[in-house]
Amino acid sequence: MPSPGLRTAKRPRKKKDGDECVLLIEADADVAAEIFAALNSATEEQFHVEWVTELSSGIERLRKGGVGAVVLDLTLPDSHGVESFDKLFQASARVPILVLSEADAEEMARQAAHRGAHDYLAKNQSVGYRLRGVVRTMIERRTAEAAVKALVLQNEVAKLTLDAIEEAVLRTDINGDITYLNRMAERLTGWCRREALGRPIANVLRITKGDSTSTNGEALDILISEDGTAMPAANCTTCVLVGRDGVELGIEKTVTPIRDQDGVLTGSVVAFHDVSAARAQSLEMSRLAQHDSLTGLPNRVLFNDRLKQAISLAMRQDKQLAVMFVDLDQFKKINDSLGHAVGDKLLQSVAGRLVDCVRRTDTVSRLGGDEFVVLLSQVEHEEDVAVSARKILRTLAAPHPVDNKNLDISVSIGVSTYPSDGPDAENLMDKADTAMYEAKKQGRNNYQFFRRDMQVRLLDRQSLEADLRYALGRNEFLLHYQPKFNLQTGQITGVEALVRWVHPRRGLVAPAQFIPIAEECGLILPIGRWVLLEACRQVRAWSDSGLGIVPVAVNVSAAEFGDKDFVSGVRAVLIATGVEPRNLELELTESVLMQDAESTVRTLGALKAMGVTLAIDDFGTGYSSFTYLRRFPVDALKLDQSFVQEITEDPGDATIVSAMINIGMSLNQRVIAEGVETSAQLKFLQSHGCAEGQGHYLSHPVAAEQAAKLLEAGIQEGMVQ
Ligand code: C2E
Ligand code: MG
Ligand code: MG
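The model shown is predicted, which means the values in this text are computed figures rather than measured ones.

Analysis parameters
Residues numbered from 1 in each chain as written. Chains lettered and ligands numbered in written order. Predicted model: local features only at pLDDT ≥ 70, side-chain atom pairs only at ≥ 80, totals over all residues. Heavy atoms only, no water. Core = buried A, V, L, I, M, F, W, Y, C linked by side-chain atoms within 4.5 Å. Buried < 20%, exposed > 50% of the residue type's maximum accessible area, 1.4 Å probe, protein only. Helix = DSSP H or I, 4+ residues; strand = E, 2+ residues; numbered from the N terminus. Contact = heavy atoms within 4.5 Å. Pairing = 2+ DSSP bridges. Right-handed = clockwise from strand over helix to strand, strands pointing away. Donors = N, O, S within 2.8 Å, 3.2 Å for Na, K, Ca; no water. Axes fitted to C-alpha atoms, helices over the stretch in contact; angles between N-to-C directions. Near = heavy atom within 4 Å. Polar contact = N/O pair within 3.5 Å; in protein donor to acceptor, adjacent residues only side chain to side chain. Areas by Shrake-Rupley, 256 points an atom, 1.4 Å probe, with all protein chains shown as cover. Nonpolar A, V, L, I, M, F, W, Y, C, P; charged D, E, K, R; others polar. Domains from an automatic or database assignment. Patch = residues over 30% accessible without salt bridge, like charges linked within 9 Å, V, L, I, M, F, W, Y side chains within 5 Å. Salt bridge = Lys/Arg side-chain N within 4 Å of Asp/Glu carboxyl O. Phe/Tyr/Trp six-rings, centres within 6.5 Å; stacked < 30°, edge-to-face > 60°. Lys NZ or Arg CZ within 6 Å of the ring centre and 35° of its normal. pLDDT = per-residue confidence, 0-100.

Caption draft 1: Here's a closer look at the nonpolar core. Counting residues in each nonpolar core, the largest one holds 78 residues, and the members touching the most others are Leu468, Trp542, Val570, Leu584, Leu586 and Leu685. For this core, the leading source of residues is helix α17 (residues 524-544), giving nine residues. Ignoring anything within four residues of it in the chain, the contact list for Leu468 reads Phe477, Trp501, Phe514, Ile517, Ala518, Leu523 and Ile527. Within the second largest apolar cluster, 33 residues are counted, among which are Ala351, Phe372, Ala386 and Ala389.

Okay, structure coming up:
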């Protein structure tokens, strides 16, 4: 005999998670026992029964959940009749209720069934398999309902999720007809769900490939291969979607087949998203990566690409092409004196004109700095290239208006041609570069075609440059000194320090051979510092050995002069060696003064204030202008040897020299004649009142020990008339 609350059957069936019990609400213990027995008589199917005797405890139990079916006797101590059912039904309409009725109260039970009970049984029927069958049905139905509900919920959540994401998703059936599309898919295609459903996917997801505007459903290669087997698991492609309004949009789409449990294809899911912004960004990125930001011209990377393409085309068509290196002459000077902003604008102006000079099929590129390169892709004859080169020289020579200034520039052009100068891009670039160097050497403002001998010279230069890097460290420099004489008294007025490089293999290398290289690769700064220190140290040593004070002249390159630490470097050397500033003369070429920058004036002022004297070297070879002779605090003019050497040959030069001597005298500047080689020249200079002279006739540049001997003598006998 069971007792209320009993949960076991005769052979308790293990309760699994999620298993629900059968709640028996029955006041009569005998009936309850019978029902227990009925529900557990079959060993293969035993129900977990919980028994209560009152409606109130039944309702309470029901509310706790976990009840899969209720067996309710309508006659209970605290409730009676169909009312009992109503109350219980109210507590949870979702749990199926089987009503038990007395045999004579079937009408009541029928009413209950009418109001929602699952079924009813007369108590005397409630034994055996009948009851078990009904309870089983109740529980099974409830389980099925729960599963359906869960599925509906899951579906709903999936739809909400799909509508909430940024990815557009649509689904098709086996025929490729749309069965679903989410909100983003509606937005990107322009089709609303209602209209899209059932349509072929190619109508809704109209794709074009690349630049072609034809719509093709085939782009959706989609979905179903003929036999439904060969579809890839998923494929991702970038393409262009034509929206319902005709607007095109870059998308990236992934097509994934849907298969049923047996692996049979039933449709597909197409997911896609807008990549137009990302595409625009990546196009911009690749444009930036391939173009020079200052001029907008193709950069080296893109140029190389185009050159390679042009070479393969020329090879196939048996044609020629040309590469031209175009390098601005003296661009650094403009940049240094007028500032980078002006330099940049000048480069832009040059870029524009270069583009105008060539055909649309040609490529103009900026490799960096003031280096441009032009690819002429259609060349019939070498002369075509020469014509283009001359056109470029002419076009770029016209003044460039920049910031209210008209800038005059020239360029040096080096040309190489395919196939004669090389089979590939690298070769052609190298050779055009070599030819460009040659153009520079030929005095700039010209073009040169590559020749084999240029390369030899370039290689030589390159090896010299490589050796130069080690020369200071290996102590390979030394100074020679060339005295300057008072042309009236024959006395030595000072010496000029001239650097020499004792190359381990080449022997003595003249400054003309390595100073320009040192200037180009920046080595001039340490070399110049060494020369200054060594010259001052030598002068100090002579003075210490009782030779008296010897003023020393040191040559300064534009690059050194423009260095921000130049003035402080000079000061440091003077302090370190104890040489008086007035005994140091710095020789500057006119090109230094031509820079005409404020910094030049400032540096000259600072040197002057320090007490150092300043001379213009090679006077007369640059654009000597009276303006800067007056403007700059210069102490001496060194007349270039080219004039001096002609004075006795060319009456014109004689006039110029005598005029220059007079200018110097009237500006209160010492005039020193360079390159005096003959007594006739000396006599001319003396008779025209030139104060000082220097040259082989008077003394060659000599090593320090020999110079000491000359200084000891102090005077050049026979010089004075
Ligand atoms: P510069 O300053 O005009 O020096 C005079 C050059 O003329 C020297 O050549 C000298 O040897 C040479 N010379 C002297 N007398 C005569 C003559 O009667 N006839 C001829 N034909 N030549 C004569 P060098 O030593 O080869 O120097 C050449 C140039 O190299 C110098 O011209 C100067 O501009 C530069 N240089 C030399 N040493 C230095 C240096 O330490 N630093 C810098 N920045 N430049 C230097
Ligand atoms: Mg000099
Ligand atoms: Mg000179």
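Caption draft 2: Looking closely at the pairing of strand β6 (residues 97-101). Counting buried residues in β6 gives five out of five residues, a clear majority hidden from the surface. Judged by which residues are buried, β6 turns out to be covered on both faces: Ile97, Val99 and Ser101 on one side and Leu98 and Leu100 on the other are all buried. As defined by bridge partners, β6 adjoins strand β7 (residues 119-122) across four bridges and the pair is classed as parallel. Looking across to β7, one finds that Leu98 is bridged to Asp119. This β-α-β element, β6 to helix α4 (residues 106-114) to β7, shows right-handed connectivity.

Caption draft 3: Quick look at the coordination of the magnesium ion (ligand 3). For the magnesium ion (ligand 3), every protein donor is listed as Asp617 (OD), Asp618 (OD), Glu674 (OE) and Glu674 (OE), and the spread of their distances is 2.0 to 2.5 Å. Within one chain, the residues serving as donors to the magnesium ion (ligand 3) are arranged as D-D-x55-E. For Asp617, a relative accessible area of 7% gives the class buried.

Caption draft 4: Fine view of the sheet that holds strand β16 (residues 371-379). On the basis of which strands lie adjacent, the open sheet formed by five strands has the order β15-β16-β14-β19-β20 and mixed pairing. For this open sheet the edge positions go to β15 (363-368) and β20 (447-449), each flanked by a neighbour on one side alone. On average, each strand axis in the sheet is tilted by 20° relative to the strand beside it, whichever way the strands run. Alignment of strand β19 (residues 411-418) against β20, held across three bridges, turns out to be parallel. Across the sheet, Gly414 pairs through a bridge with Gln448, a residue of β20.

Caption draft 5: Spotlight on the site of ligand 1. Around ligand 1, a shell composed of 23 residues is seen, among which Arg500, Asn555, Asp617, Glu677 and His696 lie nearest. Contact distances for ligand 1 include 2.7 Å between an oxygen atom and a backbone N or O atom of His696. Computed on the free molecule, ligand 1 has an accessible area of 790 Å², of which 81% lies beneath the protein chains in the complex. Elements that contribute at least two residues to the shell around ligand 1 include exactly β22 (492-503), α16 (511-521) and β26 (613-619). Considering each element in turn, the shell around ligand 1 owes the most residues, four residues, to β22. Tallied by class, the residues present in the shell around ligand 1 amount to seven nonpolar, eight polar and eight charged.

Caption draft 6: Region of the structure containing the domain arrangement of the chain. What the domain assignment lists for the chain is domain 1 (7-149), domain 2 (166-280), domain 3 (292-450) and domain 4 (468-713). Between domain 1 and domain 4, the C-alpha centre-to-centre distance is 122 Å.

Caption draft 7: Main features of the environment of Pro516. Along the chain, Pro516 falls in helix α16. Separated by 424 residues in sequence, Pro516 and Ser92 have C-alpha atoms that sit 103 Å apart.

Caption draft 8: Here's a closer look at the coordination of the magnesium ion (ligand 2). Every protein donor of the magnesium ion (ligand 2) is listed here as Glu496 (OE), Asn555 (OD1), Glu587 (OE) and Asp617 (OD), and their distances to the metal cover 2.0 to 2.2 Å. For the magnesium ion (ligand 2), the single-chain donor residues occur in sequence as E-x58-N-x31-E-x29-D. Here the magnesium ion (ligand 2) and the magnesium ion (ligand 3) are spaced 4.2 Å apart, with Asp617 acting as a shared donor. One end of the pair, Glu496, is in strand β22; the other, Glu587, is in strand β25 (residues 584-589), and 91 residues separate them in sequence. Assigned by exposure class, Glu496 and Glu587 land together as buried.

Caption draft 9: Focus on a nonpolar patch on the surface. On the surface, a cluster of nonpolar side chains totalling about 230 Å² of accessible area is made up of Leu478, Val502 and Leu508. In this fold, Leu478 is placed in strand β21 (residues 477-486). For Leu478, a relative accessible area of 31% gives the class partly exposed.

Caption draft 10: Examining the sheet that holds strand β1 (residues 21-25) more closely. Spatially, β2-β1-β3-β6-β7 is the arrangement adopted by the five strands of the open sheet, whose pairing is parallel. With partners counted over all chains shown, the strands left at the sheet margins are β2 (49-52) and β7, one partner each. Going across the sheet, the axis of each strand differs from the next one's by a mean of 20°, ignoring polarity. With four bridges joining them, β1 and β2 adopt parallel strand pairing.

Caption draft 11: The arrangement of the pattern of salt bridges in detail. Going through the model one piece at a time under the given rule, you end up with 34 salt bridges. With a shortest N-O distance of 2.8 Å, Glu692 and Arg670 are connected by a salt bridge. One end of the pair, Glu692, is in strand β29 (residues 692-693); the other, Arg670, is in strand β28 (residues 670-673), with 22 residues separating them in the sequence. The buried category is assigned to Glu692, whose relative accessible area is 7%. Each of Glu438, Arg451, Asp453 and Arg457 takes part in one network of salt bridges that share partners.

Caption draft 12: Spotlight on the packing of aromatic side chains. Per the stated rule, a full pass over the model turns up eight aromatic pairs. Measuring from ring centre to ring centre gives 5.7 Å for Phe477 and Phe514, while their planes differ by 35°; the resulting arrangement is tilted. Taken together, the residues Phe477 in strand β21 and Phe514 in helix α16 connect sequence positions 37 residues apart. Looking at Phe514, the relative accessible area reads 0%, which means it is buried. A centroid spacing of 5.9 Å and a plane angle of 55° characterise the contact between Phe561 and Phe566, whose relative ring orientation is tilted. Both residues of the pair, Phe561 and Phe566, belong to the buried class. Every member of this aromatic cluster is reached through a ring pair, and the members are Phe477, Trp501, Phe514 and Trp530. Sitting over the ring of Trp191, Arg244 keeps its end group 3.7 Å from the ring centre.

Caption draft 13: Highlighting the side chain of Asp327. One can find Asp327 in strand β14 (residues 320-328). Only 2.8 Å separates the side chain of Asp327 from the side chain of Lys440, close enough to count as a polar contact. Once residues lying within four places of it in the same chain are set aside, the contact partners of Asp327 are Asp370, Glu371, Ser410, Val411, Ser412, Met436 and Lys440.

Caption draft 14: Representation of the confidence of the model for the chain within the structure. Looking at the chain, the pLDDT average stands at 88 and 91% of residues meet or exceed 70. Between residues 6-14, whose pLDDT stays under 50, and residues either more than four places distant or in other chains, the model counts 20 contacts. The low-confidence segment residues 211-234, where pLDDT is below 50, has 50 contacts with residues more than four positions distant or belonging to other chains.

Caption draft 15: Highlighting unusual backbone geometry. Backbone torsion omega between Tyr418 and Pro419 reads 5°, so that peptide bond is classified as cis. In this structure, Pro419 sits in the loop between β19 and α14 (425-441). One non-glycine residue, Asp318, adopts positive backbone phi at about 60°. Relative to the assigned elements, Asp318 resides in the loop between α10 (300-317) and β14. Of note in the backbone geometry, Asn668 takes a positive phi value of approximately 65° without being a glycine. Its location among the elements puts Asn668 in the loop between α24 (651-666) and β28.

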